Amino acid sequence: MSSASFIDPRTLESAKNTVASFMKTAFSKSNVSTTAIVCSAVVGLFAYEQYWYLSKKKSLPGPKLKIPIIGAFLDSLYPTFEGYMEKWKSGELSCVSVFDRFVVIASTCDISRKILNSPIYAEPTVVDSMKYILCPDNWVFLGGKAHVDYRRGLNVLFTRRALGTYIPIQERVYERHFKQWLDLDGKVEPYQLRFREINMEASLRVFLGDYMSSEVAERISQEYFNITAALELVNFPIPLPGTKVYKAIQSRKYIVKHFIESIQDGRLRMARGEEPKSMMDAWINALAEDEEEAKKAGKPAPRKFTDREIALTLLTFLFASQDATSSALTWAFQLLADHPDVLNRVREEQIRIRGDKLDQPLTLELMEASVYLRQVIKEVLRLRPPVLMVPYKTVREWPITENYTVPKGAMVIPTTYPALHDPVAYPDPDSFNPDRWGPNGQAEKFPKNFMVFGNGPHHCLGKEYAIMHMMAVVAQASLQLKWVHYRTEKSDDISIFATIYPQDGCIMSFHKLEEPVVASA
């Protein structure tokens, strides 16, 4: 089938001829009014816009015509999961147009992986608003060797040793929030925002330590809502006062200002030889050690990072982790409450690996021994992937399939949900079954489908950090808390706010677990 088989070439030719005829007639008269000129120009522009859209759309499923000027802007402003599903089911590729941006959406695993692994054709573009929010000179917008070199310098922050130093920091945050939940004395309420709060504080304390005041940390948590709200796939293109992007920029300025203050404090403490107590401290120490080693070896000094560069990098870590992990934690607690047999197995595993020391400090070694718990977290991420799509932009024309070439400058979007619900890789894909990741399951035989953390040169640097954080929260909660999920007709329906959440906000109550269940023999 040719790439233009669904669009009659005569339609395009007719559109061009109609515009030409209209313009010729309108301007052939000797006395042409201003109104006629304006109307002619508007009609001509609208007709050209349709021609532009149809010439790019060709055979792809999508709107037959573009809504003048805005296109599918309202759909992107108020996205629905059902709308996404409709796109994914319409074909391996589909399209929409928003303002002047033509968008191609990939729904299959193979094409999505192709996009993620083809830097010569496409590069990550985040969403249009993100360059305003994260700043255009942020490292995430680097490409080629510059990106690879910068990324290599960050690997030290996610080594096994580094992850081990973060866990005690996270445990202290968990304890504080668990106490807050218990202080509610079993009150039944939506817990989605509470899961967000525990995740936000854990991120801030791991990234920057305890040197930021609680008041500032709470303010940052509130300000970050503005950044989340500006994460629509396509936003209003100009950050005018009052728009979501404008508000997000002001919030970013506040966050970065306080990040820089913490970094300046950290440099002083590390210079005094104090023990590293955060990711920021570890990074500052590593930079100083690299500089000293280069000096001793007579080599050129390594790249130095300014306070602002470090602050913007930590902001991108927050950006990458906050909404996605908050979503995953919400679904994890809901799914475990709805599947008490799974929660019991999680609890039993924690009792078994800790022996007679249930209250021992949380360690990386304990988490590495939590084999079943890791299966549970992977299944949560598969069933309810927090990142549904990752926008890329084509840097040249791309014959992505035999039948379609993506235009240069188009947004091309790989999606994760269809691959993670492929019945070939995951039989009965809509069921919650952690055993599919165990020795008797087959999920591990299809690693290409598990694109939760992306793939290719821009895969998620903090993959293990995110998984370990989720495991640690659930491990501690399983031994200290019992929780009930109050199901509604909206519990399984998906709401989209940067990531995905239960539409009812995950209504729960928490109580103290007086005595953990003894592990079965």
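Residues numbered from 1 in each chain as written. Predicted model: local features only at pLDDT ≥ 70, side-chain atom pairs only at ≥ 80, totals over all residues. Heavy atoms only, no water.

What is the right way to read the overall build of the chain from this model?
The number of helices and strands found in the chain is 18 helices and 10 strands. For the chain, the C-alpha radius of gyration of 26 Å lies close to 24 Å, the compact-globule estimate for 521 residues. Counting only C-alpha atoms, the chain reaches 95 × 60 × 40 Å along its principal axes. Split into buried and exposed, the 521 residues of the chain put 50% on the buried side. For the chain, restricting intrachain contacts to residue pairs at least 6 apart in sequence, the fraction spanning at least 24 positions comes to 73%. (Helix = DSSP H or I, 4+ residues; strand = E, 2+ residues; numbered from the N terminus. Rg over C-alpha atoms; globule rule 2.2 N^0.38 Å. Buried < 20%, exposed > 50% of the residue type's maximum accessible area, 1.4 Å probe, protein only. Contact = heavy atoms within 4.5 Å.)

Quick question: what am I supposed to make of the environment of His421 here?
Along the chain, His421 turns up in the loop between α17 (417-420) and α18 (463-480). Residues His421 and Ile284 lie 137 residues apart in sequence; the distance between their C-alpha atoms is 42 Å. Sequence-distant contacts of His421, that is, excluding residues within four places in its chain, are made with Arg382, Leu383, Pro385, Tyr426, Pro429 and Asp430.

Teacher, can you tell me more about the sheet that holds strand β7 (residues 481-485) here?
In space, the three strands of this open sheet follow the order β4-β10-β7, with antiparallel pairing throughout. A strand with exactly one partner marks an edge of an open sheet, and here the two such strands are β4 (189-190) and β7. Strand direction decides the pairing type here: β7 and strand β10 (residues 507-512), joined by five bridges, are antiparallel. Bridging from a neighbouring strand, Trp483 pairs with Phe510 of β10. Contacts from α18 reach β7 and β10 within the one sheet, and its direction differs from that of β7 by about 100°. (Pairing = 2+ DSSP bridges. Axes fitted to C-alpha atoms, helices over the stretch in contact; angles between N-to-C directions.)

For this particular structure, what's the right way to read the pairing of strand β2 (residues 101-106)?
The side chains of a regular strand alternate between both faces of the sheet. Among the six residues of β2, six are classified as buried, and the element is accordingly described as predominantly covered. Of the two faces of β2, the one carrying Arg101, Val103 and Ile105 and the one carrying Phe102, Val104 and Ala106 are both buried. Looking at chain direction, strand β1 (residues 93-98) and β2 are connected through six bridges and run antiparallel. Paired with Ser97 across the bridge in β2 is Phe102. In this sheet, strand β6 (residues 411-413) lies alongside β2 in parallel orientation, the contact comprising three bridges. Paired with Val104 across the bridge in β6 is Val412.

How should I be thinking about a nonpolar patch on the surface in this particular structure?
Among the surface-exposed residues, Val38, Val42, Leu45, Phe46 and Ile69 lie close enough to one another that they form a single nonpolar patch of about 440 Å² accessible area. Within the secondary structure, Leu45 is located in helix α2 (residues 34-57). (Patch = residues over 30% accessible without salt bridge, like charges linked within 9 Å, V, L, I, M, F, W, Y side chains within 5 Å. Areas by Shrake-Rupley, 256 points an atom, 1.4 Å probe, with all protein chains shown as cover. Salt bridge = Lys/Arg side-chain N within 4 Å of Asp/Glu carboxyl O.)

Explanation requested: the sheet that holds strand β5 (residues 392-394) in the structure shown.
Working definition: the strands of a sheet are paired by backbone hydrogen bonds and lie parallel or antiparallel to each other. Taken in spatial order, the five strands of this open sheet run β1-β2-β6-β5-β3, and their pairing is mixed. This sheet does not close on itself; its edge strands, each paired only once, are β1 and β3 (122-124). Pairwise comparison of adjacent strand axes, ignoring direction, gives a mean angle of 30° for this sheet. Summarising the sheet, β5 and β6 pair through two bridges and their orientation is antiparallel. From the neighbouring strand, Lys393 faces β6, where its bridge partner is Met411. Along the sheet face, helix α5 (residues 109-116) touches β1, β2, β5 and β6 and points at about 125° away from the line of β2.

Looking at this model, I keep getting lost on unusual backbone geometry. Mind explaining?
Across the chain, the bulk of peptide bonds are trans and the bulk of non-glycine residues have phi less than zero. Of note in the backbone geometry, Lys58 takes a positive phi value of approximately 50° without being a glycine. Tracing the sequence through the fold places Lys58 in the loop between α2 and α3 (73-77). Relative accessible area serves as the criterion here: at 30%, Lys58 is assigned to the partly exposed category. With phi around 50°, Asp428 is a residue other than glycine that occupies positive phi space. If you trace the backbone, Asp428 turns up in the loop between α17 and α18.

What am I meant to see in the pairing of strand β8 (residues 494-497) here?
Burial of β8 is one-sided: the residues Ile494 and Ile496 facing one way are buried, the residues Ser495 and Phe497 facing the other way are not. Of the pairings in the sheet, the one linking β8 to strand β9 (residues 499-502) comprises four bridges and is antiparallel in character. Paired with Phe497 across the bridge in β9 is Thr499. In this antiparallel pair of consecutive strands, β8 and β9, the connection spans one residue, and Ala498 shows a positive phi of 70°.

Just checking my understanding: could you explain the packing of helix α14 (residues 340-354) against α18 for this structure?
Helix packing geometry: the angle between the two helix axes and the distance between the axes. Relative to each other, α14 and α18 sit at 90°, their axes nearing to 9 Å. In terms of orientation, α14 and α18 fall into the roughly perpendicular class. Across the interface between the two elements, Leu343, Val346, Arg347, Gln350, Ile351 and Arg354 from α14 touch Val474, Ala475, Gln476, Ser478 and Leu479 from α18. Within the contact of α14 with α18, the residues separate by chemical class into six nonpolar, three polar and two charged. (Parallel < 35°, antiparallel > 145°, perpendicular 65-115°, else oblique. Nonpolar A, V, L, I, M, F, W, Y, C, P; charged D, E, K, R; others polar.)

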